[in-house]
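# Fold and geometry: a report
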Amino acid sequence: MGVWLNKDDFIRDLKRISLCLLILYVVVVVGTDQNFYSLLGVSKTASSREIRQAFKKLALKLHPDKNPNNPNAHGDFLKINRAYEVLKDEDLRKKYDKYGEKGLEDNQGGQYESWSYYRYDFGIYDDDPEIITLERREFDAAVNSGELWFVNFYSPGCSHCHDLAPTWREFAKEVDGLLRIGAVNCGDDRMLCRMKGVNSYPSLFIFRSGMAAVKYNGDRSKESLVSFAMQHVRSTATELSTDCLTSQTRLRLSGMLDGLVHVGWVDCDTQDSLCKSLDVTASTTAYFPPGATLSNRDKSSVLFLNSLDAKEIYMEIIHHLPDFELLPADKLEDRLAHHRWLVFFHFGKNENVNDPELKKLKTLLKNEHIQVGRFDCSAAPGICSDLYVFQPCLAVFKGQGTKEYEIHHGKKILYDILAFAKESVNSHVTTLGPQNFPASDKEPWLVDFFAPWCPPCRALLPELRKASTLLYGQLKVGTLDCTVHEGLCNMYNIQAYPTTVVFNQSSIHEYEGHHSAEQILEFIEDLRNPSVVSLTPTTFSELVKQRKHDEVWMVDFYSPWCHPCQVLMPEWKRMARTLTGLINVGSVDCQQYHSFCTQENVQRYPEIRFYPQKSNKAYQYHSYNGWNRDAYSLRSWGLGFLPQASIDLTPQTFNEKVLEGKTHWVVDFYAPWCGPCQNFAPEFELLARMIKGKVKAGKVDCQAYPQTCQKAGIKAYPSVKFYQYERTKKSIWEEQINSRDAKTIAALIYGKLETLQSQGKRNKDEL
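For the rest of this paragraph, the subject is the confidence of the model for the protein chain. If pLDDT is low for a region, its predicted coordinates should not be looked at in detail. Across the protein chain, pLDDT averages 82, with 82% of residues at or above 70. No element of the protein chain has a lower mean pLDDT than helix α1 (residues 7-31), at 39, and none a higher one than strand β21 (residues 553-558), at 96. Throughout residues 1-7 the model reports pLDDT below 50, and contacts reaching past four residues in sequence, or to other chains, amount to 24 contacts.

The next thing to look at is the sheet that holds strand β19 (residues 507-511). Reading across the sheet, the 5 strands line up as β15-β17-β16-β18-β19 and stay open at both edges, with mixed pairing between neighbours. Either end of the sheet is taken by a strand with one partner, and the two such strands are β15 (429-431) and β19. With direction set aside, neighbouring strand axes in the sheet form an average angle of 25 degrees. Sheet strands in contact with helix α18 (residues 455-470) are β15, β16 (445-450), β17 (476-481) and β18 (499-504), and its direction is about 165 degrees off that of β16.

This next bit is on the pattern of salt bridges. Going through the model one piece at a time under the given rule, you end up with 28 salt bridges. Linking D188 and K88 is a salt bridge whose minimum nitrogen-to-oxygen distance equals 3.9 Å. Linking D188 in the loop between β3 (180-185) and α9 (190-195) with K88 in the loop between α4 (73-87) and α5 (90-99), this pair joins segments that are 100 residues apart in sequence. The exposure class of D188 is partly exposed, given its relative accessible area of 40%. Residue class for K88 comes out partly exposed when judged on its relative accessible area of 33%. Two residues, K196 and D140, come together in a salt bridge whose shortest N-O distance is 3.1 Å. In this pair, K196 sits in the loop between α9 and β4 (203-208) while D140 sits in helix α7 (residues 136-143), placing the two residues 56 residues apart along the sequence. Residues joined by salt bridges that share partners form a network here, namely E522, D526, E571, K573, R574 and R577.

Okay, the packing of helix α17 (residues 414-426) against α18 next. Direction vectors running N to C along α17 and α18 enclose 30 degrees, while the axes themselves pass 9 Å from each other. By the criterion of interaxial angle, the relationship of α17 to α18 is roughly parallel. Considering how the two elements wind past one another, α17 and α18 form a crossing that is left-handed. Across the interface between the two elements, F420, E423, S424 and N426 of α17 pack against P462, R465 and T469 of α18. Grouping the amino acids of the contact of α17 with α18 by side-chain chemistry returns 2 nonpolar, 3 polar and 2 charged.

Mapped onto the secondary structure, E406 falls in strand β14 (residues 405-407). Polar contacts involving the side chain of E406 include one to the side chain of S424, which spans 2.8 Å. Polar contacts involving the side chain of E406 include one to the side chain of R465, which spans 2.9 Å. E406 has contacts with L394, A395, V396, K398, F420, S424, S427, V429, T431 and R465, leaving out every residue within four places of it along the chain.

Procedures and definitions
Residues numbered from 1 in each chain as written. Predicted model: local features only at pLDDT ≥ 70, side-chain atom pairs only at ≥ 80, totals over all residues. Heavy atoms only, no water. pLDDT = per-residue confidence, 0-100. Helix = DSSP H or I, 4+ residues; strand = E, 2+ residues; numbered from the N terminus. Contact = heavy atoms within 4.5 Å. Pairing = 2+ DSSP bridges. Axes fitted to C-alpha atoms, helices over the stretch in contact; angles between N-to-C directions. Salt bridge = Lys/Arg side-chain N within 4 Å of Asp/Glu carboxyl O. Buried < 20%, exposed > 50% of the residue type's maximum accessible area, 1.4 Å probe, protein only. Parallel < 35°, antiparallel > 145°, perpendicular 65-115°, else oblique. Left-handed = near helix turned anticlockwise from the far one by under 90°. Nonpolar A, V, L, I, M, F, W, Y, C, P; charged D, E, K, R; others polar. Polar contact = N/O pair within 3.5 Å; in protein donor to acceptor, adjacent residues only side chain to side chain.

Encoded structure:
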């Protein structure tokens with residue numbers, strides 16, 4: 001798996017870093033009156049919703065608009081606004097938890113909204129218990145949990161969204177228990193809203209696992225919303241022979257209890273003797289538990305409810321549903337070895353299932369072939385101790401006894417547990433302890449050191465599950481709870497959570513990147529096939545200074561203790577992968593080669609330099625002075641030094657070379673004022689170099705040549721079209737390309753050319 005660091009060197013470096021972090025922590029504490037958590041009055045375990053609520057309360061009180069006579073109001077508000085901006089973002093929150101404010105040098109913030117914004121537009125639904133504000137990290141898990149969701153995508157500045165808010169609240173109360181009501185703030189989660197095809201506000205969608213989202217286009221009255229929602233509720237009500245319950249109530253009750261209880265109705269006018277035998281009137285609801293019948297002798301087992309309200313009946317019945325199966329200690333291993341289980345661990349009294357809605361789990365997990373049970377640790381403390389279960393919790397066992405299991409550390413609410421159970425049984429994440437920790441394992445492992453109280457840790461866990469399914473057979477994935485295994489975490493000098501490390505026998509690499517499965521996979525791939533050349537003074541002289549005439553290099557001069565350097569590294573590697581074959585990318589460790597970096601006049605870290613094609617001029621380079629150090633910005637900067645690979649087309653050359661020519665073309669139609677066009681420009685240049693020699697690349701300025709673009713059928717910018725020349729027919733065939741990714745477009749074009757080539761061979765064979 002590529003080049004690995006020695007384990008002893010890694011631990012020694014970690015100790016050195018921990019000393020720096022300790023010094024840094026002292027500096028932060030001395031230089032700051034309060035940390036971000038205490039500024040907002042929340043704990044380090046606070047959820048996003050709690051952070052928003054705390055900030056809103058302070059914003060309404062401390063905003064400069066409300067304190068015009070306080071000269072410190074602006075500065076005081078900037079502090080709490082800064083704290084909120086950092087803690088609401090999972091990646092920034094992790095950096096702050098690990099490095100303090102020193103770790104946020106690249107994210108300074110400084111702007112805030114008016115007082116009225118925080119009063120009327122901010123966190124619209126945070127105080128409504130029936131409405132769940134969904135964020136990007138949890139959205140897919142929630143709507144794919146198996147429950148029915150009706151989600152309101154809104155924007156804080158949208159007047160129609162505010163007009164709908166009171167109705168949406170009343171609607172949520174009306175259908176509470178029947179389906180989940182969600183809200184997504186598209187001001188905070190623009191990417192999520194774009195991914196879901198939301199282009200106007202408010203947009204209302206029904207979601208259920210296994211079916212396409214359904215958009216609501218009716219009027220926004222509570223009655224219409226209820227009617228629309230009820231159309232998607234799965235329910236069956238059986239006439240036992242009413243009408244004490246209205247048809248609408250029966251439908252709602254049937255939907256609420258779907259899969260849990262059969263719902264039926266009896267007309268006491270036509271079935272008078274039956275009703276009299278049970279001493280009930282036409283306004284009574286009766287619940288018959290398993291085994292109960294309509295005969296008089298079983299009457300004592302029947303639960304009679306004097307209510308006609310669906311929600312009241314639902315809550316009463318769900319409280320009386322039987323508890324989960326109690327798994328006996330002597331048969332636990334055997335039961336867990338033959339089926340997949342979701343197990344609630346409790347100590348004496350079963351306090352895990354305080355929420356009666358969790359009784360739906362058995363039904364909702366049936367299709368996943370996951371059984372639900374409970375285990376009393378007070379009856380067999382040794383078993384729970386071996387599983388590192390020391391407090392009430394729940395865990396998924398994957399059908400291999402107690403060897404393969406994962407403990408749930410998320411919210412103890414139905415949709416979150418459902419998502420965890422479905423993800424966990426299909427993933428390959430192992431709960432680690434001293435007995436199975438891969439310290440000397442011959443196979444490579446990715447180990448996540450975490451603390452359950454840490455929100456960034458909880459956000460990373462589902463991403464690890466996704467990554468584990470894609471890495472299966474290549475690398476094992478495990479998690480270690482540092483609140484339980486403190487000694488083991490201290491052994492590896494874990495100072496912050498989460499810390500994710502790859503072990504490969506004696507080699508160790510720490511992961512520094514965003515909390516996403518995609519970036520974890522990129523990290524692993526880069527360990528196997530490094531995209532960045534680690535340069536020494538000798539190799540720098542040989543490869544960079546004495547480079548070939550047509551070679552170019554981008555080099556990052558860094559120091560391992562420098563936090564901006566640590567933040568840059570995953571972006572630098574990601575950029576390097578996209579520039580393979582175009583620009584050579586390297587890095588120099590200036591802590592290891594300090595005198596060399598001094599000789600090269602490196603005065604700060606990170607120092608990014610571009611070494612262009614060699615010319616008759618003296619040894620030269622260009623330094624990067626941009627503010628953004630992300631892969632996209634750095635790649636655009638580097639490509640800007642290369643000669644343009646695409647051809648600027650005029651109306652005449654477009655007609656002569658593209659429409660009337662005898663070669664293949666891919667053309668970018670753009671406008672200079674268009675932001676997306678400017679963003680796409682370096683990607684198109686990358687494409688032009690990737691397909692050079694097989695397909696020509698051209699650009700048409702639609703501001704300068706509007707008629708050409710109009711004749712080409714261009715209706716939006718940027719637009720990409722592929723013009724394919726068919727030699728047999730001596731004609732041009734054109735196709736719109738919707739992708740904006742160079743690799744995707746190149747693959748699409750090569751696929752078209754292969755098809756054309758195979759057709760030509762077939763025609764030749766036929767002749």
